[in-house]
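Structural description and commentary
Chain residues, written in single-letter form:
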Amino acid sequence: MSWCDLPAELVSGIADRITEHADLARFRSVCPSWRSASAAHAARRRIPVLLVPSEVYSVNRSLWSLADDRIVEIPVPAAHGFYFLFASPRGWTLGVASHDLSAKLLHPITGASESLPELPPSFRDDDRKILRDMVWDRSPEAIMVSPGKGTFFCRLRPCGDGSWSPVAGCSQDADHVSSITYCDGTFYLLDGSTRRVMAVDGTTFAVAAVIEPPDIVLPARYSWFEPNSALAASSGELLLIVRTSLLFEVVYHSSEGFIKVFRADVRSPAAAWSEVTDGSGIGDRAVFVDHFRAFCVEASSVNGLRRNCMYVARGYEVVDDDYGMDVYAKFTASVLDLAALTTKNLEYGNLSKFREGRLWRWPSWFMTN
């Protein structure tokens, strides 16, 4: 009898006692029978965790678990010296050094890494706000980044030459890219101020389509708000969620606000937004939103996520003395019910105790693929 012949019930019981993501990934890689027997446990772990900014010169990085309010330190030696670390829903993170714009793709769980060329000069500024607010995503063959104005792509080796090229049709003067989302062979670039979406072919990097913004009329009582927009992609469909006070409201905020959800079928040659008015919202999904992007996760009784809800991560600064000298950053997460328009603050326990020197970096959701 080999290890692969262990009873499925025994393998499942062992998997239920594994608490670390990396250990579970190794356990499920042993053989197909172990992978199958631990599928239910893996599904329960398919919940995004929050990558919170950590000490730059440490080999460890901090992850906050939404499921059990744990903050775990995982060793990521390849991240040493990278001031900025931006997470993604595909398991990879982008590390950027603020002093020389060097960049690297990192996988915190597997330890894999791939060096990238130095970012273009338009990412450089004295106070690092451009780097802090840059957005990115990757496909299997390439990575795309934007400092806000203009967008660049780099084909990953061995397919490319390891250099950055501008995306033709994405002006460095006019466009303001607030998020980049890759799905099914296409990069979607959202202009957060106009809610215009540009679809860029993931092979040719030419603009394939432009989805014009939906018509939105704010009620009079919200006319002075500037709505925030979040774009999420799933197979064949884009979701655009527009709401007042979406990302950076203070911790003790009112949940009252304006919200609309739009869908676009990207399989249609003339994709356009249609408002969701039947109360279904985003269905049996949850949308995770941070400063860089939004993405969908299936919600179920197995993983414990709430359907038709938005999980928002953000950072804010706290002044801890009368003179404004002791300032530090804290991070929080909240969940917004898109049907009831109620907000629950998830800043409790260990996340509420975590702090950084100043708000120079944003937290970001990470899927431990």
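Look up a bit, the structure's there.
These lines cover the structure that appears in this document, whether it is placed above or below. No experiment lies behind these values; they were computed from the predicted model shown.

Here we take up the pattern of salt bridges. Tallying each qualifying case throughout the model produces 12 salt bridges. A salt bridge links Arg90 to Asp137; its shortest N-O distance comes to 2.5 Å. Residue Arg90 is located in the loop between strand S4 (84–86) and strand S5 (93–96), and its partner Asp137 is located in strand S8 (residues 135–138); the two are separated by 47 residues in the primary sequence. Between Arg132 and Asp133 there is a salt bridge; the shortest N-O distance is 3.1 Å. What makes Asp133 partly exposed here is its relative accessible area of 29%.

According to the stated counting rule, one finds 3 cavities of 30 Å³ or more in the structure shown. Considered as a void within the structure, the largest cavity measures approximately 110 Å³ in volume. The element best represented in the lining of the largest cavity is S4, accounting for 3 residues. Broken down by class, the residue content of the lining of the largest cavity amounts to 10 nonpolar, 1 polar and 2 charged.

One pass over the full model with this rule turns up 12 aromatic pairs. A ring pair is formed by Phe84 and Phe86, whose centres lie 5.8 Å apart and whose planes are at 5 degrees; its orientation type is stacked. In this pair, the class of Phe84 matches that of Phe86, namely buried. Ring geometry for Phe153 versus Phe205: centroids 3.9 Å apart, planes at 0 degrees, classification stacked. With a gap of 52 residues between them, Phe153 in strand S10 (residues 150–155) and Phe205 in the loop between strand S14 (196–201) and strand S15 (207–211) connect regions that are remote in the sequence. Summarising the burial analysis for this pair, Phe153 and Phe205 share the class buried.

Calculation criteria
Residues numbered from 1 in each chain as written. Predicted model: local features only at pLDDT ≥ 70, side-chain atom pairs only at ≥ 80, totals over all residues. Heavy atoms only, no water. Salt bridge = Lys/Arg side-chain N within 4 Å of Asp/Glu carboxyl O. Helix = DSSP H or I, 4+ residues; strand = E, 2+ residues; numbered from the N terminus. Buried < 20%, exposed > 50% of the residue type's maximum accessible area, 1.4 Å probe, protein only. 1 Å grid on protein atoms, 1.4 Å probe; cavity = no way out; pocket = protein on both sides within 12 Å on 5 of 7 lines; lining within 4 Å. Points joined across faces, edges and corners; volume = space filled by probe spheres on them. Nonpolar A, V, L, I, M, F, W, Y, C, P; charged D, E, K, R; others polar. Phe/Tyr/Trp six-rings, centres within 6.5 Å; stacked < 30°, edge-to-face > 60°.

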